[in-house]
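Chains, contacts and geometry: an overview
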Amino acid sequence: MKIISVSDKNEMSKKAAQIILELIKEKPNAVLGLATGGTPEGTYKELVVDHQKNETSYCQIHTVNLDEYVGINPEDPNSYHSYMESHFFKYIDLPKDQRFLPDGKNTSVEACAHYDNLIESLGGVDLQLLGIGRNGHIGFNEPGTPLTMGTHVVQLTESTRKANARFFGSLSEVPEQAITMGIGTILKSKKIVLIASGEEKAEAMNRMLHFSVPDDCFPASALVQHPDVTVIADEAALSLIKFSKE
Ligand code: F6R
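Residues numbered from 1 in each chain as written. Predicted model: local features only at pLDDT ≥ 70, side-chain atom pairs only at ≥ 80, totals over all residues. Heavy atoms only, no water.

1. Some points on the packing of helix α1 (residues 9-26) against helix α2 (residues 41-54)
Relative to each other, α1 and α2 sit at 55 degrees, their axes nearing to 8 Å. Overall, the two elements α1 and α2 adopt an arrangement that is oblique. Every pair of crossing elements has a handedness; the one defined by α1 and α2 is right-handed. Between α1, through Asn 10, Ser 13, Lys 14, Ala 16, Ala 17, Ile 20 and Leu 21, and α2, the contact on the second element is made entirely by Gly 42, Thr 43, Glu 46, Leu 47 and Asp 50. A class-by-class count of the residues in the contact of α1 with α2 yields five nonpolar, four polar and three charged. (Axes fitted to C-alpha atoms, helices over the stretch in contact; angles between N-to-C directions. Helix = DSSP H or I, 4+ residues; strand = E, 2+ residues; numbered from the N terminus. Parallel < 35°, antiparallel > 145°, perpendicular 65-115°, else oblique. Left-handed = near helix turned anticlockwise from the far one by under 90°. Contact = heavy atoms within 4.5 Å. Nonpolar A, V, L, I, M, F, W, Y, C, P; charged D, E, K, R; others polar.)

Right, dumping it as structure tokens:
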């Protein structure tokens, strides 16, 4: 696991965008695994600015998102479909039929298997962008999720719903379930870039970097098994780490 320490969220966003752009340059038809939430917003902004300035094209790219809330329509402003549209997709030349997110309205076992099959049929994810939850979740794989699972439906923990209530009117509006790529799905990605910013992620980063073997009590610990993980974190997120940083 390579750790890149940056000064702040702005630098984190720039660095993550730079890694994604390097991949697109090298492989214009790459499959990008994307995340939502507060952390990647700046990365999408950087990519949009680059698209406008340098005309980097997404016309051959496919994207697959990590997760979606269960029970909300894609058009709902709180859906991750809407998030991707408003933060990224509407600004770039990525064809509509090359963007994929789990379907929050179809949570059958078949639909979950279909999402994993779809990713495989695209040739697998070349680069998966991840954030991290305060409890160590990646995607919406909450503590206790078996680390081999494919896409599945999860019960969101109270702490995750509370953390995400800032995007909704109130806690009661935050869905109780989500459909997420499993850790097994995530680990199949060829390259993983995890971004983290702010003091509220310091405890999770500290825990993640101290695992030498995966433990399902802390889902992000699964990343120690992967050969190509880059963590980009700002000083606040790394503030509890005692060992030397790159
Ligand atoms: C989002 C996702 C989640 C978030 C995590 C951190 O697609 O899969 O794992 O990355 O909840 O969220 P923020 O960035 O809002 O702190």
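2. Describing the site of the ligand
Taken together, 14 residues lie around the ligand, and Thr 39, Asp 67, His 137, Gly 139 and Lys 201 are the ones closest in. Separating an oxygen atom of the ligand from a backbone N or O atom of Gly 38 is a distance of 2.8 Å. About the coverage of the ligand: the protein hides 94% of its 410 Å² of free accessible area. Partitioning the shell around the ligand into residue classes produces three nonpolar, eight polar and three charged. (Near = heavy atom within 4 Å. Polar contact = N/O pair within 3.5 Å; in protein donor to acceptor, adjacent residues only side chain to side chain. Areas by Shrake-Rupley, 256 points an atom, 1.4 Å probe, with all protein chains shown as cover.)

3. Quick notes on the side chain of Glu 142
Positionally, Glu 142 belongs in the loop between β6 (127-130) and β7 (152-155). Here Glu 142 is buried and forms no salt bridge, its nearest opposite-charge partner Arg 161 lying at an N-O distance of 8.7 Å. With near-sequence residues (within four places) excluded, Glu 142 lies in contact with Asn 135, His 137, Gln 155, Leu 156, Thr 157, Thr 160 and Pro 219. (Buried < 20%, exposed > 50% of the residue type's maximum accessible area, 1.4 Å probe, protein only. Lys, Arg positive; Asp, Glu negative; His and termini not counted. Salt bridge = Lys/Arg side-chain N within 4 Å of Asp/Glu carboxyl O.)

4. Considering the nonpolar core
In summary, soluble globular proteins display a tendency toward joint burial of nonpolar side chains. The biggest cluster of nonpolar side chains holds 39 residues, and the ones touching the most others in it are Leu 32, Tyr 44, Tyr 58, Met 84, Phe 88, Phe 89 and Ile 232. Going through the elements one at a time, β1 (2-6), α1, β2 (31-34), α2, α3 (80-87), β6 and β9 (191-196) are the ones with two or more residues in this core. A total of seven residues in this core trace back to one element, the largest contributor, which is α1. The residues contacting Phe 88, other than those within four sequence positions of it, are Leu 34, Tyr 44, Leu 47, Val 48, Tyr 58 and Tyr 83. Ile 3, Val 64, Leu 223 and Val 231 belong to the second largest nonpolar core, which has 34 residues in total. (Core = buried A, V, L, I, M, F, W, Y, C linked by side-chain atoms within 4.5 Å.)

5. Remarks on the packing of aromatic side chains
Throughout the structure, instances matching the rule amount to ten aromatic pairs. Ring centres of Tyr 69 and Tyr 80 lie 4.8 Å apart, and the angle between their planes is 40 degrees; this geometry places the pair in the tilted category. Here Tyr 80 lies in helix α3 and Tyr 69 lies in strand β4 (residues 67-69), a separation of eleven residues in the sequence. The pair Tyr 69 / Tyr 80 is uniform in exposure class, with both members buried. (Phe/Tyr/Trp six-rings, centres within 6.5 Å; stacked < 30°, edge-to-face > 60°.)

6. Here we look at the environment of Leu 240
By the element assignment, Leu 240 lies in the segment after β10 (229-234). Classification of Leu 240 by relative accessible area gives partly exposed; the value is 32%. A C-alpha to C-alpha distance of 9.1 Å links Leu 240 and Glu 199, two positions 41 residues apart in sequence. The residues contacting Leu 240, other than those within four sequence positions of it, are Ala 202, Glu 203 and Asn 206.

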